[in-house]
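Each chain, written out:
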Amino acid sequence: MRAFFEIFRLEMRRLWRRRTAQLLALAALAWIFCVPWLANGDGTLDGVRHVQLLLSLGGAFTICCVSLAASGALSFAAEREEFRLALARVRPAPRFALAAGRMAALSAAGAGVLALCACFVVAKYGAGRPCSRVIDPVMEPVAAEADRMYAHYLSLLPKLDDPATPEELRGVLASLTNTPKAVLSRMFMQRARDRFESIGPGATARWTFPAQDAGEGLAVRIRFSSDFNMRDEVRGVFAFGDLSGSVSNITKSILKVPLARGAKAAGAVAPAQAVQTLEFANSSPNTLMLRPRKDLKLLAAADSFAWNMVRAWLQLSAMLATVCAFAVFLGSCLGRTVAVFTCGVMLFTGAASSDIIESYPDQLEENRVDRISLAVTRAVEFVCRPVFSLHPVAALADDECVAPAETLQAVAIDAFAIPALLALLSALAMAYAHESAK
Amino acid sequence: MAVVELQGVSKTFRDFWLRPTVKALDGLDLSIESGEIFGLLGPNGSGKSTTIKLILGLLSPDAGKVALFSRPPGSAAARKRLGYLPELSYLHSFMTARETLLYYAGLCGLDRATARERTRQLLEMTRLSDVADRQVGGFSKGMARRVALASSLIGKPELLVLDEPTSGLDPVSTDEVKTLVKELAKSGMTILMTSHLLADAQDVCTRFMILNNGRSVAQGAVADLDGSLQDCFLAAVAERRAFSVASFLKA
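Computed from a prediction, not measured in an experiment: that's the story for all the values here.

Participant: Would you mind showing me how to read the overall build of chain A here?
Facilitator: Within chain A, the secondary structure is distributed over 14 helices and twelve strands. Expressed as lengths along the three principal axes of its C-alpha atoms, the size of chain A is roughly 75 × 60 × 45 Å. Taken across its 438 residues, chain A has 45% of its residues classed as buried. For chain A, the computed accessible surface area is about 21,100 Å², with 64% contributed by carbon and sulfur atoms. On chain A, the mean spot of the 45 positive side-chain charges and the mean spot of the 39 negative ones are 10 Å from each other.

Laid out in structure tokens, this is it:
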């Protein structure tokens, strides 16, 4: 433990005395100060706030990630290549501590800079602004729905040779015959997530949600679509127990409908029940469509923006810890230029991978090279998931509550478990890298 | 008791594809007893650095056995009793001399009070007390060398490995280092040193080994030498010199 703290202190001194920490703080704060001149959103107060929050904190986090990862990979690789690391290695200090202390120092420096930025943002946008807890509808799990689709697909396969089967269905089945089960499952899961539900004119749709104790402060966030992806009129009334709210807008907009106490609606249930029904009565002349898993959320009042920022800061710091640990790991086994390059490429592909996978589903890739590239992107996305699957800044900008459970998990996994594992791998890599250094 | 023991040690360096590139050591036997000042000598590329790295536990042998205090050299127990001064000082330029010594004291596991006291003593011994709180990046090569020497002694080692200890020092400092090495040996410390300055090695060492092409070509007690260590060295590596001249003439 003593060795860990000595290395931690050494790295902190390096960051401070080489002015890396000060420059980083200056760059991040300068970015936050500049954002209001760069982004104005859609012109509404909420729109401006949304865009500025997203850009300012997101930008500051990116600056921290890129500079600390480069600094960590460079300095560690340089120490190893210049033999300075060997001086620490010949002392009775565990190799694990040599890597872990450095990872911790880089993460602490980054967390400090992010805390400064967070304080500034809270001061600017108001600490007391309420945020909402996001509640998903209670639905069949995506995997179960995908399994049902797969079972249905298997039941259709014998019809491939049946001349009575429509040509179109035969074509679809034939195109899927040689597709591996894993790819089919991914396709069906994507389809389950994107499954649309239609609500005809005058019809009423119902979805179930976990029962909510707090009647006041509830709202529905919804995004309707229409046939042919046109902007059509939306009119209707939501009812959730004795709460209701009416909507009048256009499709494709994200609508936030506050639910207020009114006449007892038809969807009301006894409070003892675990779920409650949300109803939407469509009074517009068009058929409305929505993807319940993506487009429909219930919002319940949670705590303040300041508390939400604390959780977002914890998540961002945890994500940064993983990035720094990865950079140090690369520095422990690669030359400085290769380490920095690899780290940069991994960060970029990691950040872009989820969008690439979303935009290029398996069935669209017919070329072998594209399929291989997609498989590599999937692997990168899987490796980077602990960092890039969290979206605390987006949640802050949307006034959504950064989930406490998710925050705890991020701290445990991203800030401790993954860096510890990478420190162990670095310890192994240090021994091997020295063996091959001649 | 042998402090350092190498038996039939061979080491070949390999490239990324594990193809052999350099055979650095070839069946080397070496034993250093407690309290000795042992000189490991040899021309460039003879295997001195590889031998030292094996003793420090930074490399592992392909064949043979390396033991430090009868333990594997990489073990924490062996490293606790080891001090090392590399050929170049490799100091962190942003740290002060005092911080450098306290840092290495921490890595050696000394408690804070002992670390502070030991740091004060070593700064006095190396005449660095006046500049103890200046960053070592601004030090002259000689001063940096003294900081590195002090940091190698911070854990009160029983075996001190000195790689070119007088490199970069002026004649007065060189003489001081030589006197210090002798005094440390008198206090019971075992010292293994390499040097290209054969006169210095002859002044200080009690025993020596000359390496050439990864093999021991001469060894013994300095006191038993008929002539100077330099004559012995040149005779031992004569084959290499003759070969070089012959190939030059042939070319």
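Participant: Looking at this model, I keep getting lost on the interface of chain A and chain B. Mind explaining?
Facilitator: The parts lose accessible area when they come together, and the size of an interface is often stated as this lost area. If you look at the interface, chain A gives 25 residues, while chain B gives 38 residues. With both chains or domains summed, chain A and chain B bury close to 3,200 Å², and 59% of this area falls on carbon and sulfur atoms. The interface formed by chain A and chain B holds two salt bridges in total. Ionic pairing is found between Glu 99 of chain B and Arg 17 of chain A, a salt bridge with its closest N-O pair at 2.5 Å. Remark: the boundary between chain A and chain B carries seven residue pairs in polar contact (both at pLDDT 80 or more). Taken together, the elements giving at least two residues each to the side of chain A that touches chain B come down to helix H1 (2-17), helix H4 (84-89) and helix H14 (404-435) of chain A.

Participant: Any chance you could explain the state of the cysteines here in plain terms?
Facilitator: Here is the idea: a disulfide is a covalent bond, and it sits between the sulfur atoms of two cysteines. If you walk through the whole model with that rule in mind, you get zero disulfides over all chains. Distance from the sulfur of Cys 401 of chain A, which forms no disulfide, to the nearest cysteine sulfur (Cys 131 of chain A) is 4.6 Å.

Participant: What is the right way to read the environment of Leu 15 of chain A from this model?
Facilitator: Residues and elements named next belong to chain A. Inspection of the secondary structure puts Leu 15 in helix H1. On the accessibility criterion, Leu 15 (1% relative accessible area) is buried. Taking the C-alpha atoms as reference, Leu 15 lies 8.8 Å from Ala 105; in sequence the two are 90 residues apart. With sequence-adjacent residues up to four places away left out, Leu 15 is seen in contact with Thr 20, Ala 21, Gln 22, Leu 68, Ser 71, Ala 105, Leu 106 and Ala 109.

Participant: Where do I start with the packing of helix H2 (residues 20-38) of chain A against helix H3 (residues 45-81) of chain A in this structure?
Facilitator: Packed helix pairs are characterised by how far apart their axes lie and by the angle those axes make with each other. All names here are of chain A. As a packed pair, H2 and H3 sit with axes 9 Å apart at the nearest point and diverge in direction by 160 degrees. One finds that H2 runs roughly antiparallel with respect to H3. As for how H2 packs across H3, the hand of that crossing is right-handed. Between H2 and H3, the contacting residues are Thr 20, Leu 24, Ala 27, Ala 28, Trp 31, Ile 32, Val 35 and Pro 36 on the first element and Gln 52, Leu 55, Ser 56, Gly 59, Ala 60, Ile 63, Cys 64, Ser 67, Leu 68 and Ser 71 on the second. Within the contact of H2 with H3, the residues separate by chemical class into twelve nonpolar, six polar and no charged.

Participant: Please clarify how the sheet that holds strand S2 (residues 197-199) of chain A should be interpreted in this entry.
Facilitator: Where strands meet in a sheet, backbone hydrogen bonds hold them as pairs that are either parallel or antiparallel. Residue and element names in this part refer to chain A. On the basis of which strands lie adjacent, the open sheet formed by three strands has the order S2-S11-S5 and antiparallel pairing. Each end of this open sheet is capped by a strand with a single partner; those strands are S2 and strand S5 (225-226). Where S2 lies against strand S11 (residues 288-290), three bridges are found, and the strand directions are antiparallel. Note on S11: the bridge partner recorded for Ile 199 is Leu 288.

Participant: Got a minute to help me understand the sheet that holds strand S7 (residues 190-194) of chain B in this structure?
Facilitator: Residue and element names in this part refer to chain B. Strand order in the open sheet formed by six strands is S5-S6-S7-S3-S8-S9, and the pairing between neighbours is mixed. Edge positions in the sheet fall to strand S5 (82-85) and strand S9 (215-221), since each of these pairs with one other strand and no more. For this sheet, the mean angle separating the axes of adjacent strands, direction not counted, is 15 degrees. Relative to strand S8 (residues 207-212), strand S3 (residues 37-41) runs parallel, the two sharing four bridges. Considered in S8, the bridge of Gly 39 is made with Phe 208.

Participant: Teacher, can you tell me more about unusual backbone geometry here?
Facilitator: Glycine aside, residues mostly have negative phi, and peptide bonds are mostly found in the trans state. The phi angle at Asp 399 of chain A is positive, at roughly 60 degrees, despite the residue not being glycine. By the secondary structure assignment, Asp 399 of chain A is in the loop between helix H13 (392-397) and H14. By relative accessible area, which is 11% here, Asp 399 of chain A ends up buried. Positive phi, normally seen in glycine, also occurs at Ser 70 of chain B, with a value near 60 degrees. Residue class for Ser 70 of chain B comes out exposed when judged on its relative accessible area of 61%.

Basis of the calculations
- Residues numbered from 1 in each chain as written.
- Chains lettered and ligands numbered in written order.
- Predicted model: local features only at pLDDT ≥ 70, side-chain atom pairs only at ≥ 80, totals over all residues.
- Heavy atoms only, no water.
- Helix = DSSP H or I, 4+ residues; strand = E, 2+ residues; numbered from the N terminus.
- Buried < 20%, exposed > 50% of the residue type's maximum accessible area, 1.4 Å probe, protein only.
- Areas by Shrake-Rupley, 256 points an atom, 1.4 Å probe, with all protein chains shown as cover.
- Lys, Arg positive; Asp, Glu negative; His and termini not counted.
- Charge placed at Lys NZ, Arg CZ, Asp CG, Glu CD.
- Contact = heavy atoms within 4.5 Å.
- Buried area = accessible area lost by both parts, 1.4 Å probe.
- Salt bridge = Lys/Arg side-chain N within 4 Å of Asp/Glu carboxyl O.
- Polar contact = N/O pair within 3.5 Å; in protein donor to acceptor, adjacent residues only side chain to side chain.
- Disulfide = S-S within 2.5 Å.
- Axes fitted to C-alpha atoms, helices over the stretch in contact; angles between N-to-C directions.
- Parallel < 35°, antiparallel > 145°, perpendicular 65-115°, else oblique.
- Left-handed = near helix turned anticlockwise from the far one by under 90°.
- Nonpolar A, V, L, I, M, F, W, Y, C, P; charged D, E, K, R; others polar.
- Pairing = 2+ DSSP bridges.

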